[in-house]
Amino acid sequence: MKIDCITIFPEMFAPMKNSIMGRAQAKGLFEFNTVYLRDFAINAYGQVDDVPYGGEPGMVLRPEPLAKAIRSTGVKEDGGKVIYLTADGVPFTHKIAKELSQENHLVLVCGHYKGIDDRIRQTEVDMEISIGDFVVSGGELPAMLVTDAVVRLLDGALGHKESGETDSFAQGVLGWPVYTRPEEFEGKKVPEVLLSGHHKNISEWRRQESLKRTQERRPDIFKNLEINTTFGDK
Ligand SMILES: C[S@@+](CC[C@H](N)C(=O)[O-])C[C@H]1O[C@@H](n2cnc3c(N)ncnc32)[C@H](O)[C@@H]1O
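Residues numbered from 1 in each chain as written. Predicted model: local features only at pLDDT ≥ 70, side-chain atom pairs only at ≥ 80, totals over all residues. Heavy atoms only, no water.

Caption draft 1: Summary view of the site of the ligand. Of all residues adjacent to the ligand, which total 20 residues, the nearest are Tyr 84, Leu 85, Gly 111, Lys 114 and Phe 134. Between the ligand and Gly 111, the relevant distance is 3.0 Å, taken from an oxygen atom to a main-chain nitrogen or oxygen of the residue. Between the ligand and Ile 131 there is a distance of 3.1 Å, counted from a nitrogen atom to a backbone nitrogen or oxygen. Taking 580 Å² as the accessible area of the ligand by itself, protein coverage stands at 83%. For the shell around the ligand, the secondary-structure elements that each account for two or more residues are β5 (81–91) and β7 (127–130). Counting residues per element, the shell around the ligand draws most heavily on β5, which supplies four residues. (Near = heavy atom within 4 Å. Polar contact = N/O pair within 3.5 Å; in protein donor to acceptor, adjacent residues only side chain to side chain. Areas by Shrake-Rupley, 256 points an atom, 1.4 Å probe, with all protein chains shown as cover. Helix = DSSP H or I, 4+ residues; strand = E, 2+ residues; numbered from the N terminus.)

Caption draft 2: Structural context of the environment of Glu 204. Position of Glu 204 among the secondary structure elements: in helix α8 (residues 199–217). Along the chain, Glu 204 and Leu 100 lie 104 residues apart, while their C-alpha atoms are 32 Å from each other.

Caption draft 3: Quick peek at the packing of aromatic side chains. As enumerated under the stated definition, the model contains two aromatic pairs in all. Three or more aromatic residues joined by ring pairs form one cluster here, namely Phe 13, Phe 30 and Phe 32. (Phe/Tyr/Trp six-rings, centres within 6.5 Å; stacked < 30°, edge-to-face > 60°.)

Caption draft 4: Fine view of the environment of Glu 77. With respect to the helices and strands, the residue Glu 77 is situated in the loop between α2 (63–72) and β5. Taking relative accessible area as the criterion, Glu 77 reaches 67% and is therefore assigned exposed. Taking the C-alpha atoms as reference points, Glu 77 and His 105, 28 residues apart in sequence, are found 9.9 Å from one another. (Buried < 20%, exposed > 50% of the residue type's maximum accessible area, 1.4 Å probe, protein only.)

Caption draft 5: Seen up close, helix α5 (residues 140–151). When the terminal C-alpha atoms of α5 are compared, their 16 Å separation across 12 residues agrees well with the 16 Å that a helix rising 1.5 Å per residue should span. For α5, every residue scored as buried is listed here: Glu 140, Pro 142, Ala 143, Met 144, Val 146, Thr 147, Val 150 and Val 151. (Expected span 1.5 Å × (residues − 1).)

Caption draft 6: Representation of the nonpolar core. Judged by nonpolar contacts, the single largest core of 28 residues is most densely connected at Ile 3, Phe 13, Phe 30, Leu 100 and Ile 129. Of all the secondary structure elements, the ones that give two or more residues to this core are β1 (2–7), α1 (19–26), β5, α3 (94–100), β6 (105–110), β7 and α5. Of all the elements, α5 adds the most residues to this core, at five residues. Ignoring anything within four residues of it in the chain, the contact list for Leu 100 reads Met 1, Lys 81, Ile 83, Phe 92, Leu 106, Met 127, Ile 129, Val 146 and Val 150. (Core = buried A, V, L, I, M, F, W, Y, C linked by side-chain atoms within 4.5 Å. Contact = heavy atoms within 4.5 Å.)

Caption draft 7: Region of interest: the domain arrangement of the chain. Taken domain by domain, the chain holds domain 1 (2–151) and domain 2 (168–222). Here the C-alpha centre of domain 2 lies 37 Å away from the C-alpha centre of domain 1. (Domains from an automatic or database assignment.)

Caption draft 8: Just the pattern of salt bridges, in detail. Counted under the stated rule, the structure contains 15 salt bridges. Its salt-bridge partner being Asp 117, residue Arg 119 comes within 2.7 Å of it at the nearest N-O pair. Judged by relative accessible area, which is 47%, Arg 119 ranks as partly exposed. Through salt bridges with shared partners, a single network forms among Asp 88, Asp 118, Arg 121 and Glu 128. (Salt bridge = Lys/Arg side-chain N within 4 Å of Asp/Glu carboxyl O.)

Caption draft 9: Main features of the side chain of Thr 147. Residue position: Thr 147 is located in helix α5. The exposure class of Thr 147 is buried, given its relative accessible area of 1%. Setting aside its immediate chain neighbours within four residues, Thr 147 contacts Ile 3, Met 16, Met 21, Phe 30, Phe 32 and Leu 108.

The following block contains the structure:
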């Protein structure tokens, strides 16, 4: 899989070299590139933005550099998807991440200032994704977040494949509480069942804890739940 991010701040993507994202690139599971929008500027000053028509404060990214930058990636020829990160897009979920992990080429368009000229959204963009009901200053953090959520679903990206399969949302519910050594910390003990070595009981405890968490924290998910998860059973 190839992921290209169109941005005016390519240096913001430095974290993509670390941890699971870095290892997935080193293993050749995905190729990550930034496309510097100013390389497609309308003049020698590197201009890529302009004042909004209708008059309001802030600047808007112009359509010509964006169209050229998107087309330079070859995404259409590859049969991939162009995604604009935007607060008024579809809320990002595990289900969308899973669908995107099947694509061979994604182009993530990072807006800035007031956003991008709407004509690009109408003609070049296949999908618009929001990372939540709030506004951040640019599309770079949202693009990294989407990339991370998608790449960790690629085969081989995680050290243990099952680890991703038992994370929150992967089976439709929130994850269960996890513990490590020591057995007792500041008077609080690890639940007895986890020390028992009894796999069936551990599995049942996880199931109950997962359901309890989902019911308490995400009643919206709980009420539509189909209880068909394995909760880490082998
Ligand atoms: C300051 S925001 C523009 C906000 C825009 N005027 C609006 O009302 O939605 C600049 C850029 O940050 C990105 N952005 C901001 N909030 C986002 C969110 N919740 N999800 C995804 N991208 C977001 C978008 O790429 C956007 O073009």
